[in-house]
Amino acid sequence: MSEFLDLIDEQIEQLKNDNKYAERKILGSAQDTWAELDGKKKLILGCTNYLGLANDPDIKQYVKEIIDSFGCGTSSGPRIIGVTSLHRQLEQDLAKFTGQEDALLFNSAFLANVAAMTAFTGKEDIILSDELNHASIVDGARLSSARVQVYPHCDMKALENYLHQYQDCRQRMIVSDGVFSMDGDIVPLPDMVELAKKYHAVVVIDDAHATGVVGPGGKGTPALFNLENEVDILVGTLGKAIGGAAGGFIAGKQQVIDYLFQFGRPYRFTNTLPPTVIAVGIASLRKLQESPKILEQLWENAHYLKSGLSKLGYQIHPSQTPIVPVMIHDDTACLKLGQQLYEEGVFVQPYIYPVVPRGTARIRVILSAAHTREDLDYALSAFERLGRANGLI
Ligand SMILES: Cc1ncc(COP(=O)(O)O)c(C=O)c1O
């Protein structure tokens, strides 16, 4: 036992020495544009509350009504008691919204990715994965019995070489984030789909940062390129733009969804999301579709902050989305700026190696439609003051 604890202590000590020990913050209020973090009010610029719906009064009212009619939860998994009519409604709403035939809800997009990687592949297959894919894709691929080949970020030439090399595998599954969470860039889906057709490959797109954000009406990356029919498996989350509560989904053709219900272990062997969480998804999707101005505001905010930071002299990684990577490069300087911004009332997230490649440390700013011009000016003035004080701009 003591050897076990000694090993843990050693590794924690190492993290602390490397300045990589994470402290958990305590949220003392609802998650909103301003929230109480560790007892102090902070401007929230580091979360994925893209549409600003996480504390929306209409959605909260709907959730209150739902708890009276559907209770707290189903007390068992979806393969035992089934799901509520509310769950089924959200699946159908999500399928319609993303332009797919049907959808299946998972407890998180993490689990949805694990299901996508493990249920459809075996040892005769190859998974081709972008080097900047999310950890849940990486882990899903590891948990599958397929071979895994990582290709350089968005490099379609390299992808083609691998597709050619693995022609003899039973199946080739290409998997990519739709929007890459650290860089904010978008998958070159038209080229990928063309390759998939040429080499008879399956296309899996993880739209966690795209659903509700990218494409016409926020319908995601397949809709952005008018390629809804060419994506075999579309993964999304209900923990970001669509309500910010929790949950994930897979949308696709009817057979894909039926198959997942039969074989998706992360679906079968866990409890069902509570109706209150499902209600957040239903109400958020409805709100987005009824109020297109929300999405316009999100993009307007993104442009305003990006251009404001650039004018100050910060280098902004060329993001195509409301994710704004402010490049600091040096790990220590990045952590220091993140901490100073926090002390000045601006919550942003610094990312250093190994979460991002060496030498690309950055502050990731994420906009919300709910940010006001005043909020953004407050952030810009903190970035200006601290950037100058630290010799970064
Ligand atoms: C690209 C991507 N996929 C999947 C996930 C996991 O989503 P969830 O929180 O629903 O598990 C995230 C969350 O950060 C993500 O950024």
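Predicted model only: the values in this text are computed from it and were never measured.

On the surface, Glu3, Asp6, Asp9, Glu10 and Glu13 cluster together into a negatively charged patch. Of note, aspartate 6 is situated in helix α1 (residues 2-17).

What follows is about the site of the ligand. Of all residues adjacent to the ligand, which total 13 residues, the nearest are Ala109, Asp206, His209, Thr237 and Lys240. Between the ligand and alanine 109 there is a distance of 2.8 Å, counted from an oxygen atom to a backbone nitrogen or oxygen. At 2.5 Å from a nitrogen atom of the ligand is found a side-chain nitrogen or oxygen belonging to aspartate 206. Alone, the ligand offers 390 Å² of accessible surface; in the complex the protein occludes 81% of this. Per-element accounting of the shell around the ligand gives the leading share, three residues, to helix α4 (residues 109-119). Looking at the shell around the ligand, its residues break down into three nonpolar, seven polar and three charged.

Next up on the list: a nonpolar patch on the surface. Together, Phe4, Leu5, Ile8, Ile12, Leu15 and Tyr21 make up an exposed nonpolar region whose accessible area comes to about 490 Å². Within the secondary structure layout, isoleucine 12 lies in helix α1.

Contact geometry of helix α6 (residues 156-165) with helix α7 (residues 189-198) gives a least axis separation of 11 Å together with a crossing angle of 15°. By the criterion of interaxial angle, the relationship of α6 to α7 is roughly parallel. Read as a crossing pair, α6 and α7 show a hand that is right-handed. In this structure, α6 uses Met156, Leu159, Glu160 and Leu163 to contact α7, whose residues at the interface are Asp191, Met192, Leu195 and Lys198. The residue inventory of the contact of α6 with α7, partitioned by class, reads five nonpolar, no polar and three charged.

Going through the model one piece at a time under the given rule, you end up with eight aromatic pairs. Aromatic side chains phenylalanine 120 and tyrosine 259 sit 4.9 Å apart centroid to centroid with 20° between the ring planes, which places their arrangement in the stacked category. Taken together, the positions of phenylalanine 120 in the loop between α4 and β4 (126-130) and tyrosine 259 in helix α9 (residues 254-263) put the pair 139 residues apart, joining distant regions of the chain. The exposure class of phenylalanine 120 is buried, given its relative accessible area of 16%. Taking the relative accessible area as the measure of exposure, tyrosine 259 reaches 32% and is therefore partly exposed. Grouped by ring-pair contacts, the aromatic residues Phe106, Phe261 and Tyr267 constitute a single cluster. Between the NZ or CZ atom of arginine 286 and the centre of the ring of tyrosine 62, over which it lies, the distance is 4.9 Å.

Within the UniProt annotation, "domain: Aminotransferase class I/classII large" (unreviewed entry) is assigned to residues 41-383. The straight-line gap between the two end C-alpha atoms of residues 41-383 is 18 Å; of that span, 43% is helix and 18% is strand.

So, about the environment of glycine 391. Position of glycine 391 relative to the elements: it lies in the segment after α14 (373-389). When its relative accessible area of 60% is taken as the criterion, glycine 391 is described as exposed. A sequence separation of 287 residues divides glycine 391 from leucine 104, and the C-alpha atoms of the two residues are 50 Å apart.

Another point: the packing of helix α2 (residues 57-70) against helix α11 (residues 275-290). One way to put it is that α2 packs onto α11 with a least axis distance of 9 Å and a crossing angle of 140°. Accordingly, the angle class assigned to the pair α2 and α11 is oblique. In the packing of α2 onto α11, the handedness of the crossing is right-handed. Residues Asp58, Ile59, Tyr62, Val63, Ile66, Ile67 and Phe70 of α2 pack against Pro275, Thr276, Ala279, Val280, Ile282, Ala283, Ser284, Arg286 and Lys287 of α11. Of the residues assigned to the contact of α2 with α11, the class counts are eleven nonpolar, two polar and three charged.

Here we come to α1. The end-to-end C-alpha distance of α1, which contains 16 residues, comes to 22 Å, matching closely the 22 Å that a straight helix rising 1.5 Å per residue would cover. Phi for asparagine 19, located one or two positions after α1, is positive at around 65°.

What follows is about the domain arrangement of the protein. Partitioning the protein into structural domains gives domain 1 (2-55 + 292-389) and domain 2 (71-290). Computed over C-alpha atoms, the centres of domain 1 and domain 2 are 26 Å apart. On the side of domain 2, 24 residues touch domain 1, which itself brings 23 residues to the contact. In total, domain 1 and domain 2 occlude about 1,800 Å² of area from one another, counting both sides; carbon and sulfur atoms represent 64% of this. Linking domain 1 with domain 2 are one salt bridge, by the criterion used here. Of the charged contacts in the structure, one is a salt bridge between arginine 362 and aspartate 183, with a shortest N-O distance of 2.6 Å. Applying the counting rule to domain 1 against domain 2 returns nine residue pairs in polar contact (both at pLDDT 80 or more). When contributions to the side of domain 1 that touches domain 2 are tallied by element, the ones reaching two or more residues are α12 (293-312), β11 (323-329) and β14 (361-366). Top element by residues in the side of domain 1 that touches domain 2 is α12. It accounts for four residues. Among the residues making up the side of domain 1 that touches domain 2, the classes are represented as 15 nonpolar, six polar and two charged.

Rules behind the numbers
- Once a new chain begins, its residue numbering starts again from 1 and follows that chain's sequence as written.
- Confidence filtering applies because this is a predicted model: local features only for residues at pLDDT of at least 70, side-chain atom pairs given and counted only at 80 or more, and all residues used for totals across whole chains, interfaces and linings.
- Hydrogens are left out, water is left out, and the side-chain values use all remaining heavy atoms of the structure.
- Patch definition: residues with relative accessible area over 30% and no salt bridge; like charges joined within 9 Å; nonpolar side chains (Val, Leu, Ile, Met, Phe, Trp, Tyr) joined within 5 Å.
- Areas reported as accessible are Shrake-Rupley estimates using a 1.4 Å probe. Residue values count occlusion only from the protein chains shown.
- Every case where a carboxyl oxygen of Asp or Glu lies within 4 Å of a side-chain nitrogen of Lys or Arg is listed as a salt bridge.
- For the purpose of counting charges, residues Lys and Arg are taken to be positive, whereas Asp and Glu are taken to be negative. His and the chain ends are not included.
- Charge coordinates come from a single atom per side chain, which is NZ of Lys, CZ of Arg, CG of Asp or CD of Glu.
- The helix count covers DSSP runs of H or I at least four residues long, the strand count covers runs of E at least two residues long, and both are numbered beginning at the N terminus.
- For this description, a residue counts as near a given molecule or strand if any of its non-hydrogen atoms is within 4 Å of it.
- Between N or O atoms, a polar contact is any pair within 3.5 Å; within protein, one atom must be a potential hydrogen donor and the other a potential acceptor, and residues adjacent in sequence are included only when both atoms are from side chains.
- The nonpolar class holds Ala, Val, Leu, Ile, Met, Phe, Trp, Tyr, Cys and Pro. Asp, Glu, Lys and Arg form the charged class, and all remaining residues, Gly among them, are polar.
- In this analysis, axes come from line fits to C-alpha atoms, helices being fitted only over the stretch in contact, and the angle between any two N-to-C directions falls in the range 0 to 180 degrees.
- The labels follow the angle: roughly parallel below 35 degrees, roughly antiparallel above 145, roughly perpendicular from 65 to 115, and oblique for the rest.
- Handedness of a helix crossing follows the sense of rotation of the near helix relative to the far helix, less than a right angle counterclockwise being left-handed and clockwise being right-handed.
- Any two residues having at least one pair of non-hydrogen atoms within 4.5 Å are treated as being in contact.
- Working definition: rings of Phe, Tyr and Trp (its six-membered ring) pair if their centres are within 6.5 Å, and the pair is stacked with planes under 30 degrees apart, edge-to-face with planes over 60 apart, and tilted otherwise.
- Partly exposed describes any residue whose relative accessible area lies between the buried limit of under 20% and the exposed limit of over 50%, with all areas from a 1.4 Å probe on protein chains only and scaled to the type maximum.
- A ring is considered to have a charge above it if a Lys NZ or an Arg CZ atom is located within 6 Å of its centre and within 35 degrees of its normal.
- UniProt positions are given in the numbering used here, feature names are shortened, and annotations may be inferred rather than shown by experiment.
- A helix is expected to span 1.5 Å for every residue after the first.
- Marked domain ranges trace back to an automatic or database domain assignment.
- Here's the idea: put two parts together, see how much 1.4 Å probe accessible area each one loses, and the total over both is what we call buried area.

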